Amino acid sequence: MAMPTVHWGPRIKTAVVGPNMRRFRVAVSEAPEEIKRVFEQYSENGMMSIDGLHRFLVEFQKEDKATREDAQKIVDSVKHFHRKGLNLEGFFKYLFADINPPLASPGVHHDMNAPLSHYFIHTGHNSYLTGNQLSSDCSDVPIINALKRGVRVIELDIWPNSTKDNVDVLHGRTLTTPVELIKCLRSIKEYAFVASEYPVVITLEDHLTPDLQAKVAEMVTQTFGDILFSPGSECLKEFPSPESLKGRIVISTKPPKEYLEAKEVKENENDPERVKASDEEAWGKEVPDLLKDDYKNDLGEEDEEDLDDDGDKSQHSLAPEYKRLIAIHAGKPKGGLEECLRVDPDKVRRLSMSEQQLEKAAITHGKEIVRFTQRNILRVYPRGTRFDSSNYNPLIGWMHGAQMVAFNMQGYGRSLWLMHGMFKANGGCGYLKKPDFLLNPNKVFDPNVKLPVKKLLKVTMYMGEGWYYDFHHTHFDAYSPPDFYARVGIAGVPFDSVMKKTKTLEDNWVPCWNEEFEFCLTVPELALLRVEVHEYDMSEKDDFGGQTCLPISELRSGIRAVPLNSRKGEKYSSVKLLMRFEFFDP
């Protein structure tokens, strides 16, 4: 009988460390040669002094503001035998530690005093759904989870309940089970400002009669009280700033359509393929290229905003107390694309487009969309055939200045990882000041024109560790250590987007790739660094080993410890990569 292969773990060296350092497990013998050379450059007689460490921080890590006191704190955190400096083992521990993250962490540092239209806003789509778009439960739980993650725009579809005397939240004309509106509102109030003090916008898709609109007005007013921002029934001439709306709830909706009876789509009930569009794992689907999706098989969907926000007769039956709650007026003017994108100097509004509507409009009206978003708000939402709650490439919205790129937050997949990565910036507050080139009225950015290279980014993938502690030892292979490879690339405008791959290292829990990659960035302000680790499997799909997306705008130069996340975006306890980032002018 064949004997199973002995399953060896990684070489381990443990040490007691300070509160900012986790237990270090990889032996110094695993340190890449370049790390050893850097240590020698800034040390003497096998010891990096406080002054040597300070020089390393300033010169090599490009931390211009680092002080000698900062270097001393690092040595104190490592607590490795010496208070006067670090030996190679201590230096290696510091590089892999939580106190050496890949992103700058200064908290909120963007100018927050500009109008809301000057910001990308972390936006949810159908925020109440627990799963697919056709038959999952509606609940306040995904709303709470989104708010805890820093999402700032919550979407609620509101319909009469079964007895027509109260208001439910559900995905209309589907088999989704409802949740009471009041429960969602109370949860929003409780969790709105847990992750960020900046305003929460509630976008309402309204399918109510006037008497129920009045009931909603009463619920909203009583639930939120003084924190509700209510400018009156008239459209704003300019949006207020995130700073001025700190701790406030903002309502956005269109003057609602005439009451529409919800119709259950019975034919969906027995069609499992409509609920689950693909058996492929979510992480296995690559982010779609911009302007290349084929929508010829797309089914017809209700246009979310197809009424004139000034002239529709449904306004006349609108409950006045409800109308006064609307701070951000939404609506799609009658007429063609030009009319939709018309900029009114006397008022601002919100316009919604589906992902494919935006892609089609962008081909011929890219600059007009950018001009529109300099004063007005554009919301982009997933096409109606994404029954599985998947998402699209968010860059199509961001590169055209769209503030509300609405995503299904309850799922996971590469597109959602980009959203998570983008909003790590600016302290994770959910509002990102748009780059100046998207706000310049005198020279409107043209997303269809290729720009010259603005920055060169060099990424060195040294090594990774931690899988042995976060995964079961037979998770990847039953009888041998895993065969890891990494994918490294850029998500950005089409001319910047690319993915590259390391070699596969066989039978090693602590892979040391030591590979370099270079990326040319024409629009670094919108670029995200994508990193994934997979385990090669010859006979089946490759196994997932972790991922992260990092905003280039806040990426720190130097050698950094990069924590990896699960498919759902949750940080692993131990899994990290050691990487180096260098920026050059072209």
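Residues numbered from 1 in each chain as written. Predicted model: local features only at pLDDT ≥ 70, side-chain atom pairs only at ≥ 80, totals over all residues. Heavy atoms only, no water.

Q: Hey, could you run me through the overall build of the chain in this one?
A: Counting its regular elements, the chain contains 14 helices and 22 strands. Per-residue burial for the chain yields a buried fraction of 58% across its 586 residues. Carbon and sulfur atoms form 49% of the exposed surface of the chain, whose accessible area is close to 24,800 Å². (Helix = DSSP H or I, 4+ residues; strand = E, 2+ residues; numbered from the N terminus. Buried < 20%, exposed > 50% of the residue type's maximum accessible area, 1.4 Å probe, protein only. Areas by Shrake-Rupley, 256 points an atom, 1.4 Å probe, with all protein chains shown as cover.)

Q: Hey, could you run me through the packing of helix α6 (residues 181-191) against helix α7 (residues 210-224) in this one?
A: Two quantities define a packed helix pair, namely the angle between the axes and the distance from one axis to the other. Packing of α6 against α7 brings their axes to within 10 Å, and their N-to-C directions diverge by 25 degrees. Between α6 and α7, the angle falls in the class roughly parallel. α7 is crossed by α6, and the crossing has right-handed handedness. Mapping the contact onto sequence places Leu-181, Ile-182, Leu-185, Arg-186, Ile-188 and Lys-189 in α6 and Val-216, Met-219, Val-220, Thr-223 and Phe-224 in α7. Residue composition of the contact of α6 with α7, grouped by class: 8 nonpolar, 1 polar and 2 charged. (Axes fitted to C-alpha atoms, helices over the stretch in contact; angles between N-to-C directions. Parallel < 35°, antiparallel > 145°, perpendicular 65-115°, else oblique. Left-handed = near helix turned anticlockwise from the far one by under 90°. Contact = heavy atoms within 4.5 Å. Nonpolar A, V, L, I, M, F, W, Y, C, P; charged D, E, K, R; others polar.)

Q: Looking at this model, I keep getting lost on the packing of aromatic side chains. Mind explaining?
A: Under the criterion given, the structure shown has 19 aromatic pairs. Taken together, a centroid distance of 5.8 Å and an interplanar angle of 65 degrees make the contact between Phe-92 and Phe-96 edge-to-face. Just as Phe-92 is buried, Phe-96 falls in that class too. Residues Tyr-119 and Tyr-431 carry aromatic rings whose centres are separated by 6.4 Å and whose planes lie at 80 degrees to one another, so their mutual orientation is edge-to-face. Of this pair, Tyr-119 sits in strand β3 (residues 119-124) while Tyr-431 is found in strand β14 (residues 431-433), placing the two residues 312 residues apart along the sequence. For the pair formed by Tyr-119 and Tyr-431, the shared burial category is buried. In this structure an aromatic cluster arises from ring pairing among Trp-467, Tyr-468, Tyr-469, Phe-471, Phe-476, Phe-484, Trp-509 and Tyr-572. Taking NZ or CZ as reference, Lys-500 lies 4.9 Å from the ring centre of Phe-519, over its face. Its guanidinium or amino end placed over the ring of Tyr-485, Lys-501 lies 4.4 Å from that ring's centre, counting from NZ or CZ. (Phe/Tyr/Trp six-rings, centres within 6.5 Å; stacked < 30°, edge-to-face > 60°. Lys NZ or Arg CZ within 6 Å of the ring centre and 35° of its normal.)

Q: Would you take a moment to explain the pairing of strand β17 (residues 498-501) for this structure?
A: If a strand is regular, its side chains alternate between the two faces of the sheet. Of the pairings in the sheet, the one linking strand β16 (residues 484-491) to β17 comprises 4 bridges and is antiparallel in character. Directly across from Arg-487, in β17, lies its bridge partner Lys-501. Between β16 and β17, which pair antiparallel and follow one another directly, the connecting turn spans 6 residues. (Pairing = 2+ DSSP bridges.)

Q: Please explain the pattern of salt bridges as it appears in this structure.
A: Side-chain pairs of opposite charge can arise where the charged atoms are in close proximity. Inspection of every chain in the model, using the stated rule, returns 26 salt bridges. Note that Glu-63 and Arg-560 form a salt bridge whose closest N and O atoms lie 3.0 Å from each other. Here Glu-63, found in the loop between α2 (50-60) and α3 (68-78), pairs with Arg-560, found in strand β21 (residues 558-565); they are 497 residues apart in sequence, far enough to count as distant. Under the relative-accessibility criterion, Glu-63 is labelled buried at 18%. The salt bridge partner of Glu-515 is Lys-503, with a shortest N-O separation of 3.3 Å. Taken as a pair, Glu-515 in strand β18 (residues 512-521) and Lys-503 in the loop between β17 and β18 lie far apart in primary sequence, 12 residues in all. Connected through salt bridges with shared partners, the residues Glu-34, Lys-458, Glu-516, Arg-580 and Glu-582 form a single ionic network. (Salt bridge = Lys/Arg side-chain N within 4 Å of Asp/Glu carboxyl O.)

Q: Could you clarify how one ought to interpret the environment of Glu-506 in this entry?
A: Considering the arrangement of structural elements, one finds Glu-506 in the loop between β17 and β18. A relative accessible area of 63% places Glu-506 in the exposed class.

Q: Is there a simple way to think about the confidence of the model for the chain in this case?
A: Caution applies to low-pLDDT parts of the model: their predicted coordinates are not meant to be read in detail. Residue-level pLDDT values for the chain average 88, and 85% of them are 70 or greater. Between residues 1-7, whose pLDDT stays under 50, and residues either more than four places distant or in other chains, the model counts 8 contacts. For the stretch residues 11-23, pLDDT sits under 50, and the model shows 39 contacts to residues farther than four places along the chain or on other chains. (pLDDT = per-residue confidence, 0-100.)

Q: I keep staring at the environment of Thr-223 and nothing clicks. Help me out?
A: Tracing the backbone shows Thr-223 in helix α7. Sequence separation between Thr-223 and Leu-185 is 38 residues; the distance between their C-alpha atoms is 6.9 Å. Each residue touching Thr-223, except ones within four places of it in the same chain, is listed here: Ile-182, Leu-185, Arg-186 and Lys-189. Only 2.7 Å separates the side chain of Thr-223 from the backbone oxygen of Met-219, close enough to count as a polar contact. (Polar contact = N/O pair within 3.5 Å; in protein donor to acceptor, adjacent residues only side chain to side chain.)

Q: Mind showing me how you'd approach the nonpolar core here?
A: A general tendency of soluble globular proteins is for nonpolar side chains to be buried together. Grouped together as the largest cluster of nonpolar side chains are 139 residues, with contacts concentrated most on Leu-156, Ile-188, Trp-467 and Leu-529. In this structure Trp-467 touches Phe-476, Phe-484, Trp-509, Pro-511, Trp-513, Val-533, Gly-545, Leu-564, Val-575 and Leu-577, once residues within four positions along its chain are discounted. (Core = buried A, V, L, I, M, F, W, Y, C linked by side-chain atoms within 4.5 Å.)

Q: Looking at this structure, how should I read unusual backbone geometry?
A: With the exception of glycine, the majority of residues adopt a negative phi angle, and the majority of peptide bonds are in the trans configuration. For Lys-62, which is not a glycine, the phi torsion comes out positive at approximately 60 degrees. Here Lys-62 shows up in the loop between α2 and α3.

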